[in-house]
Amino acid sequence: MTERRTRVVVIDDSTVIRGGFATVHPGLDVVATYASVEDFEAAPVHCDVVVLDLLLRGPQGSSATTKQGRAAIRALRERGLRVCLYTDERRPIVLALCLRAGALGVVHKADPPHVTMQAVEDVRSDRVVVTQSLVGLTELLDRRGARLDLSTRQREVISGRARGRHWADIAATLYITEDTAREHYRVACRKLRDYLQHTSPGDIERAVGLAPGDVLDEE
C-alpha cells in the first residue's frame, strides 16, 4: 500500500507563494491555502502540517490586526496543529523564540524544494527541524552553560553541522553511520526546543549574551 502524502495547509500573504507552493513541492498534498491565520480559523480544513509565513500582512499591507509571528504560532498550536515556519527571517534569536512558541520546524523560502519537503515530512513525524543559524545557536548555548544536556556525540555532530560539514564527512570523522549522525542531530534539535520552551526570556538573554530586554516574551 502506498503511503499517503502529507496534507499541508499553507498560510502566506503572498499570492505567488499560495499559488505556486503545490507546484514547486509536488511531494506534498496542499489541501488549502490562506492569506491569514484568521482566514484559516474562519474555514479550517484538516491537515498534517501548517506551513506558516512568519510575517503576515493584512489588508493594505497592515499587520496591526493580523495574527503573525509567535501569536500566529500559538493560535495554531492551540488547535493541536503542527507548525513549520516558511520564512525569509534568519536572525537566530527570532527563530529560537518561534520554537519556544511551539513551532516544530523552520525552513527558508530560499531553500531547495527537496529541503522544504523533507522538513515538512519531519514535522509531520514530530521531529524538530532547524536552520543552519539555529544549529550555531545550539552550539553557542551549549558552550555558555545552557542546560541542553547534550551528549558528547550530539555535541560533535552539532559542531560539524554548524560549520557546514556534510553528513558523510561527519560520519566518517566520528566512525559512525550517516543515519546515526542524523539521529544524534535530531535528538540535539529536540533538546534545543525543549530548553527554549522551559527557559525564561531572561535566562535566554543571559545565555546568548544579549542585554536585558532584548528578548521579549510577547510581541
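What counts and how
- Residue positions are given per chain, counted from 1 along the sequence in the order it is written.
- For this predicted model, a pLDDT threshold of at least 70 governs which residues receive local features, and a threshold of 80 or more governs which side-chain atom pairs are given and counted, while totals over whole chains, interfaces and linings are taken from all residues.
- No hydrogens and no water enter the side-chain calculation; it runs on all heavy atoms of the structure.
- Only runs of H or I of at least four residues qualify as helices and only runs of E of at least two qualify as strands under DSSP, and these elements are numbered from the N terminus.
- Exposed residues in this analysis have more than 50% of their type's maximum accessible area, buried residues have under 20%, and partly exposed residues fall in between, with area computed by a 1.4 Å probe over protein chains only.
- As a rule, the C-alpha atoms of each element are fitted with a line to give its axis, helices using only the stretch in contact, and angles between N-to-C directions run from 0 to 180 degrees.
- Throughout this description, any angle smaller than 35 degrees is read as roughly parallel, any larger than 145 degrees as roughly antiparallel, any in the 65 to 115 degree range as roughly perpendicular, and the remainder as oblique.
- Take the far helix as the reference: if the near one is turned anticlockwise from it by less than a right angle, the crossing is left-handed, and if turned clockwise, right-handed.
- By definition in these notes, contact holds between two residues if any of their heavy atoms fall within 4.5 Å.
- Three residue categories are used. Nonpolar comprises Ala, Val, Leu, Ile, Met, Phe, Trp, Tyr, Cys and Pro, charged comprises Asp, Glu, Lys and Arg, and polar comprises the others, including Gly.
- As used in this record, nonpolar core signifies buried Ala, Val, Leu, Ile, Met, Phe, Trp, Tyr and Cys residues forming a set joined through side-chain atoms within 4.5 Å.
- Where each domain begins and ends is defined by an automated method or by a domain database.
- Here, a strand pair is defined by DSSP locating no fewer than two bridges between the strands.
- UniProt positions are given in the numbering used here, feature names are shortened, and annotations may be inferred rather than shown by experiment.

Participant: Describe unusual backbone geometry, with residues and values.
Facilitator: Most peptide bonds adopt trans geometry, and most residues besides glycine take a negative phi value. Here aspartate 149, not a glycine, exhibits a phi torsion of approximately 55 degrees, which is positive. Tracing the sequence through the fold places aspartate 149 in the loop between helix H6 (132–143) and helix H7 (152–162). Residue aspartate 149 is classed as exposed on the basis of its relative accessible area of 63%. Of note in the backbone geometry, tyrosine 175 takes a positive phi value of approximately 60 degrees without being a glycine.

Participant: Residues and numbers for the packing of H6 against H7, please.
Facilitator: Where H6 meets H7, the closest approach of the two axes is 9 Å, and the angle between their N-to-C directions is 135 degrees. Considering the angle they form, H6 stands oblique to H7. In the crossing of H6 with H7, the sense of the turn from one axis to the other is left-handed. Between H6 and H7, the residues in contact are Gln132, Val135, Gly136, Thr138, Glu139 and Asp142 and Arg155, Ile158, Ser159, Arg161 and Ala162, respectively. When the residues that make up the contact of H6 with H7 are grouped by side-chain class, the tally is three nonpolar, four polar and four charged.

Participant: Hey, could you go over the nonpolar core for me, with residue numbers and the actual values?
Facilitator: Within soluble globular proteins, side chains that are nonpolar tend to cluster in buried spots. If you look at the biggest cluster of nonpolar residues, it comprises 66 residues, and the most contacted ones within it are Ile11, Leu52, Leu76, Leu85 and Val130. With seven residues, helix H9 (residues 178–197) is the largest single contributor of residues to this core. The residue makeup of this core includes at least three contributed by each of domain 1 (7–125) and domain 2 (132–208). Not counting residues up to four positions away in its chain, the partners in contact with valine 130 are Leu99, Val106, Val135, Tyr185, Cys189 and Leu192.

Participant: Lay out helix H4 (residues 92–101) with the relevant residues and their values.
Facilitator: Turning to H4, its buried residues number three or more, namely Leu95, Ala96, Leu97, Cys98, Leu99 and Ala101. Just downstream of H4, glycine 102 is the residue with a positive phi angle, here 125 degrees.

Participant: Break down helix H3 (residues 69–77) for me, citing the residues and quoting the values.
Facilitator: Among all positions in H3, only Gly69, Arg70, Ala72, Ile73, Ala75 and Leu76 are buried. Contacts made by the buried residues of H3 are with strand S1 (7–11), helix H2 (37–42), strand S3 (49–52), strand S4 (82–87) and H4.

Participant: So what about the pairing of S3? Which residues, and what values?
Facilitator: Neither face of S3 is exposed, since Val49 and Val51 on one face and Val50 and Leu52 on the opposite face are all buried. Bridge analysis of S1 against S3 gives four bridges, and the strand direction is parallel. Counted as the bridge partner of valine 10 is valine 51 from S3. As defined by bridge partners, S3 adjoins S4 across four bridges and the pair is classed as parallel. Of the residues in S4, the one forming a bridge with valine 51 is cysteine 84.

Participant: Account for the UniProt feature "modified residue: 4-aspartylphosphate" (unreviewed entry) in the protein chain, naming residues and giving values.
Facilitator: UniProt marks Asp53 with the feature "modified residue: 4-aspartylphosphate" (unreviewed entry), using the numbering shown here. Here aspartate 53 lies in the loop between S3 and H3. Among all residues touching aspartate 53, those that are not within four sequence positions of it are Ile11, Asp12, Asp13, Tyr86, Thr87 and Lys109.

Participant: So what's going on with the packing of H7 against H9? Which residues, and what values?
Facilitator: The interhelical angle for the contact between H7 and H9, taken along N-to-C directions, is 95 degrees, at an axis separation of 9 Å. Judged by the angle between their axes, H7 and H9 are roughly perpendicular. Residues Arg153, Gln154, Val157, Ile158 and Arg161 of H7 touch H9, and the partners they reach there are Ala181, His184, Tyr185, Val187, Ala188 and Lys191. Looking at the contact of H7 with H9 residue by residue, the classes come out as six nonpolar, two polar and three charged.

Participant: Tell me about the environment of valine 51, and please be specific about residues and values.
Facilitator: Positionally, valine 51 belongs in strand S3. According to the relative accessible area criterion, valine 51 is buried, its value standing at 2%. For valine 51 and valine 10, which are 41 residues apart along the polypeptide, the C-alpha to C-alpha distance reads 4.8 Å. Not counting the four nearest positions on each side in its chain, valine 51 is found in contact with Val8, Val9, Val10, Ile11, Phe21, Cys84, Tyr86 and Val120.

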